[in-house]
Amino acid sequence: MVAKDYPFYLSVKRANCALEVQTVSSPAKETEEPSTKRVKPLSRVTSLANLIAPVRATPLKRFSQTLQRSISFRSDSRPDLFSPRPWSRNMPPANTKRRDSKLWSETFDVCVNHVLTSKEIKRQEAIFELSQGEEDLIEDLKLAKKAYHDPMLKLAIMTEQELNQIFGTLDSLIPLHEDLLRRLQEVRKPDGSTEHVGHILVGWLPCLNSYDSYCSNQVAAKALLDHKKQDHRVQDFLQRCLESPFSRKLDLWNFLDIPRSRLVKYPLLLREILRHTPNDHPDQQHLEEAINIIQGIVAEINIKTGESECQYYKERLIYLEEGQRDSLIDNSRVVCCHGELKNNRGVKLHVFLFEEVLVITRAITHNEQLCYQLYRQPIPVRELVLEDLQDGEVRLGGSIRGAFSNNERIKNFFRVSFKNGSQSQTHSLQANDSFNKQQWLNCIRQAKEKVTCAGKAAVLNSEAHFLLSPNGSKRPQGETTLEQMDQSDSESDCSMDTSEISIDCERMEQTNSCENEKQIETNV
């Protein structure tokens, strides 16, 4: 049925409804002349009459006004309810701006491919991918400023200080990458091929040290952005942008995280160019030097970003009492992992694994900021006992909860426990899925291995100092150290060379036996 037939169809339906109502409401006529015609129930007739009859205008108006702000083609007129919808199945979906991947061989003259070898073509493709990536990055950074930063500042959706915290030094990255793109385009020949890029990269890559401040600010920027999303104005603006074609279905944080993703991709891009570069090519040495430069920059930025993240979370820890403060937390420089877990009672906890201590907290809001209140005493990693629990091994707290719980609620548990004198803790923690659980287990095990290996290194240093000391008065401390070393060897599976330890032990045993013989002679 086409659109123009709707008025006639509606009038016919109304006439049928009227006839059916008359048929149901006249029992005398039914008794006089039994009819074999099928009669619809009264309830269905009533519902159909309610559909056609006008309804109260106030709720419908509010509903229409709400959609009017986001859907421009929706009108408030009543007859349009029966008109064809622009978003019906026959209409194509809304156009979304997509970024097509480009190849060097498809962008430039394909006749060049008959002259170049297959390896050289792959090299040109890798160089072109580097250049095209810079162009896409610049476009995304400008889009983040033009479509997100400037409108939110102009509409006063966020303050200038909040926007500066979220966007960080993003503006300073645009001219940085424009410079590299300009250099790469200058050395490109008219046929699209590029002969040398190594010297350009060696001279430009040190500029990436400016990423230090941008990446270190990302933890605080992400936390502030998530907090501001609770404001309906911010959420409404970001949702509109997400539904717009220019966003490519990416939210604001995807755009803000693009520079970091680009930074860690440079080593892969340069290795790909080097892999297709002949050994006798002048770029060979420059590319190797460029890879060393970018690896050093990424490693340094990674360390500083980790320290910034650790400091951010340490500043947001709330201690209920002074006894919960621990020097292991204050001295930590890295957060190995953190995230939300549940205990066997279903309480949501936010757990932090620092270098040498495990901290169990509860997320709270304090002074309009997300903070973390300590749930129990911090657990030293060295004395932590980790258990991988099988599915169904944990019993949920409360008889009613346990009776009505399904199998999904007793999966992905692991247990951490700690006992030191009168202090003891045991926590059964549940991860979201098996993958998340395995990540926690791996991180905790690695942290224990690092702490144990660091303890061994400290023992070796102190033992070397003991052996080199001319005074043997510190021998009892050496004996205690050896006992600790034996204990740590039995608890850890760290692979290390123990030949030096065995030689030192033999020397000490010989020295001890000689001294014991002298002591016996003196006593006699």
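Each value, and the rule that gives it
Residues numbered from 1 in each chain as written. Predicted model: local features only at pLDDT ≥ 70, side-chain atom pairs only at ≥ 80, totals over all residues. Heavy atoms only, no water. Helix = DSSP H or I, 4+ residues; strand = E, 2+ residues; numbered from the N terminus. Contact = heavy atoms within 4.5 Å. Polar contact = N/O pair within 3.5 Å; in protein donor to acceptor, adjacent residues only side chain to side chain. Buried < 20%, exposed > 50% of the residue type's maximum accessible area, 1.4 Å probe, protein only. Core = buried A, V, L, I, M, F, W, Y, C linked by side-chain atoms within 4.5 Å. pLDDT = per-residue confidence, 0-100. Phe/Tyr/Trp six-rings, centres within 6.5 Å; stacked < 30°, edge-to-face > 60°. Pairing = 2+ DSSP bridges. Salt bridge = Lys/Arg side-chain N within 4 Å of Asp/Glu carboxyl O. Axes fitted to C-alpha atoms, helices over the stretch in contact; angles between N-to-C directions. Parallel < 35°, antiparallel > 145°, perpendicular 65-115°, else oblique. Left-handed = near helix turned anticlockwise from the far one by under 90°. Expected span 1.5 Å × (residues − 1). Bend = angle between axes of the 7 residues up to and from the residue.

**Q** Go over the environment of serine 210, please, and point to the residues and values.
**A** Within the element layout of this structure, serine 210 appears in the loop between α9 (198–204) and α10 (211–216). Separated by 38 residues in sequence, serine 210 and serine 172 have C-alpha atoms that sit 8.6 Å apart. Ignoring any residue separated from it by four or fewer positions in sequence, one finds serine 210 in contact with Leu173 and Leu176. Within the structure, serine 210 has its side chain in polar contact with the backbone oxygen of cysteine 207 (distance 3.0 Å).

**Q** How would you sum up the side chain of aspartate 283? Please name residues and give values.
**A** Locating aspartate 283 in the fold gives a position in helix α15 (residues 283–315). Under the relative-accessibility criterion, aspartate 283 is labelled buried at 1%. Of note is the side chain of aspartate 283, whose polar atom sits 3.1 Å from the backbone nitrogen of glycine 198. Not counting residues within four places of it along the chain, the set of residues in contact with aspartate 283 comprises Arg123, Glu195, His196, Val197, Gly198, His199 and Thr277.

**Q** So what's going on with the nonpolar core? Which residues, and what values?
**A** Within the largest apolar cluster, 56 residues are counted, with the highest numbers of intra-cluster contacts made by Tyr148, Met152, Phe167, Leu208 and Tyr211. In terms of residue count, helix α6 (residues 118–154) provides more of this core than any other element does, 11 residues in total. When residues no more than four places from it in sequence are discounted, the contact partners of tyrosine 211 are Leu137, Leu173, Leu176, His177, Pro259, Arg260, Leu263 and Ile301.

**Q** Which residues make up the confidence of the model for the protein chain, and what values do they have?
**A** Averaged over the protein chain, the pLDDT score is 74; the fraction of residues at 70 or greater is 63%. Long-range and interchain partners of residues 1–15, a stretch whose pLDDT sits below 50, account for 6 contacts in this model, where long-range means more than four residues apart. Overall, residues 399–404 carries pLDDT values under 50, and its contacts beyond four positions in sequence, including any with other chains, amount to 3 contacts.

**Q** Go over the packing of aromatic side chains with me, naming the residues and quoting the values.
**A** Scanning the model with the defined rule gives 8 aromatic pairs in all. Relative to phenylalanine 352, the ring of tyrosine 313 has its centre 5.2 Å away and its plane inclined at 50°; by these criteria the two rings are tilted. Of the two residues, tyrosine 313 is situated in helix α15 and phenylalanine 352 in strand β3 (residues 348–354); the sequence distance between them amounts to 39 residues. Overall, the relative accessible area of 0% leaves phenylalanine 352 in the buried class. A centroid spacing of 5.9 Å and a plane angle of 65° characterise the contact between tyrosine 313 and tyrosine 372, whose relative ring orientation is edge-to-face. Linking tyrosine 313 in helix α15 with tyrosine 372 in strand β5 (residues 369–374), this pair joins segments that are 59 residues apart in sequence. For tyrosine 313, a relative accessible area of 10% translates into the label buried. The class for tyrosine 372 is buried, based on a relative accessible area of 6%.

**Q** Requested: an account of the pairing of strand β2 (residues 335–343), with residues and values cited.
**A** Both β2 and β3 contribute to a ladder of 7 bridges, which runs antiparallel. Its bridge partner being in β3, lysine 342 is matched across the sheet by lysine 348. Pairing between β2 and strand β9 (residues 423–430): 2 bridges, direction antiparallel. Bridge pairing in β9 links lysine 342 to glutamine 430.

**Q** Give a detailed account of unusual backbone geometry, specifying residues and quantitative values.
**A** Even without being glycine, alanine 156 reaches a positive phi, approximately 60°. Here alanine 156 shows up in the loop between α6 and α7 (160–167). For arginine 248, which is not glycine, the phi dihedral falls at a positive 55°. Mapped onto the elements, arginine 248 comes out in the loop between α12 (232–243) and α13 (252–256).

**Q** Any details on the pattern of salt bridges? Residues and values, ideally.
**A** Under the defined criterion, the tally for this structure stands at 23 salt bridges. Two residues, aspartate 150 and lysine 145, come together in a salt bridge whose shortest N-O distance is 3.4 Å. For the salt bridge of glutamate 162 with lysine 228, the shortest nitrogen-to-oxygen distance reads 3.3 Å. Separated by 66 residues along the polypeptide, glutamate 162 in helix α7 and lysine 228 in helix α11 (residues 218–228) bring together distant segments of the chain. Connected through shared salt-bridge partners, Asp179, Arg182, Arg183 and Glu186 make up one network.

**Q** So what about the packing of α6 against α7? Which residues, and what values?
**A** Closest axis-to-axis distance for the α6/α7 pair is 9 Å, and the angle between their directions is 155°. Taken as axis vectors, α6 and α7 run roughly antiparallel relative to one another. α7 is crossed by α6, and the crossing has right-handed handedness. Contact residues: α6 offers Ala144, Tyr148, His149, Met152 and Leu153, while α7 offers Glu160, Leu163, Asn164 and Phe167.

**Q** Got a sec to walk through α6? Specific residues and values, please.
**A** With 37 residues, α6 extends 53 Å between its outermost C-alpha atoms, agreeing within 8% with the 54 Å of an ideal straight helix rising 1.5 Å per residue. Helix geometry: α6 is bent most strongly at lysine 145, by close to 25°. One or two steps after α6, the chain reaches alanine 156, where phi turns positive at roughly 60°.

**Q** Pulling in residues and values, what's your account of the environment of serine 131?
**A** Within the fold, serine 131 resides in helix α6. Considering only alpha carbons, one finds serine 131 and arginine 183, 52 residues apart in sequence, at a separation of 9.6 Å.

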